[in-house]
Amino acid sequence: KLKEDDFAVVEKHAADICKENQPFERCVLTKDEALELFSENPFKVQLITNKVPDGAMTSCYRCGPLIDLCRGPHLPTTGRAKAFA
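The structure displayed is predicted, hence computed values, not measured ones.

Caption draft 1: Geometry of the overall build of the protein chain. Summing up its helical and strand segments, the protein chain has 3 helices and 3 strands in all. Its helices and strands in sequence order give the protein chain the pattern α-β-α-α-β-β, from N to C terminus. A compact globule built from 85 residues should have a C-alpha radius of gyration of about 12 Å, whereas the protein chain, at 16 Å, is more than 25% larger. Projected onto its principal axes, the C-alpha positions of the protein chain cover 45 × 30 × 15 Å. A total of 85 residues make up the protein chain; the buried ones form 24% of that total. At a minimum sequence separation of 6, the contacts of the protein chain that also span at least 24 residues come to 62%. Just so you have it, the protein chain exposes about 6600 Å², and 56% of that area is on carbon and sulfur atoms. On the protein chain, the mean spot of the 12 positive side-chain charges and the mean spot of the 13 negative ones are 6 Å from each other.

Okay, structure coming up:
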């Protein structure tokens with residue numbers, strides 16, 4: 001659970017990521033590929049199972065080491081996030 005003292009560390013980390021100007025990469029996956037990619041996350045498996053029709057595609061975004069389900073679109077890079085500029 002985050003405490004008030006944690007916010008400065010989180011904000012510093014977010015600002016550093018913005019300065020790195022990391023690209024957001026959109027990935028299109030089949031339902032089976034998404035289930036495999038997120039197999040260790042029961043919440044995402046449930047979401048994919050219930051929301052993505054069989055035979056359909058879904059999308060996720062990759063930014064640095066983070067990859068997550070999302071319809072997008074996103075900013076092209078983290079450097080465009082002005083909240084931390």
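Caption draft 2: View of the side chain of Gln22. Mapped onto the elements of the fold, Gln22 is located in the loop between helix 1 (7-19) and strand 1 (25-30). Here Gln22 falls in the buried class, since its relative accessible area comes to 14%. Engagement of the side chain of Gln22 in a polar contact is seen with the side chain of Glu20, the distance being 2.5 Å. When neighbours within four sequence positions are excluded, Gln22 is seen to be in contact with Ile17, Cys63, Gly64, Pro76, Thr77 and Thr78.

Caption draft 3: Looking closely at the nonpolar core. Cys27, Leu29, Ala34, Phe38, Ile48, Val52, Cys60 and Leu69 together form the largest nonpolar core, which totals 8 residues. Those residues in contact with Leu29 that lie beyond four places of it in its chain are Ala34, Leu37, Ala56, Met57, Thr58 and Cys60.

Caption draft 4: How the structure looks around the environment of Pro23. Here Pro23 lies in the loop between helix 1 and strand 1. Classification of Pro23 by relative accessible area gives exposed; the value is 52%. As a C-alpha pair, Pro23 and Pro76 span 53 residues in sequence and 5.9 Å in three-dimensional space. Not counting chain neighbours up to four residues away, the residues in contact with Pro23 comprise Arg62, Cys63, Pro76 and Thr77.

Basis of the calculations
Residues numbered from 1 in each chain as written. Predicted model: local features only at pLDDT ≥ 70, side-chain atom pairs only at ≥ 80, totals over all residues. Heavy atoms only, no water. Helix = DSSP H or I, 4+ residues; strand = E, 2+ residues; numbered from the N terminus. Rg over C-alpha atoms; globule rule 2.2 N^0.38 Å. Buried < 20%, exposed > 50% of the residue type's maximum accessible area, 1.4 Å probe, protein only. Contact = heavy atoms within 4.5 Å. Areas by Shrake-Rupley, 256 points an atom, 1.4 Å probe, with all protein chains shown as cover. Lys, Arg positive; Asp, Glu negative; His and termini not counted. Charge placed at Lys NZ, Arg CZ, Asp CG, Glu CD. Polar contact = N/O pair within 3.5 Å; in protein donor to acceptor, adjacent residues only side chain to side chain. Core = buried A, V, L, I, M, F, W, Y, C linked by side-chain atoms within 4.5 Å.

Function cannot be read off these values alone, since they describe shape.
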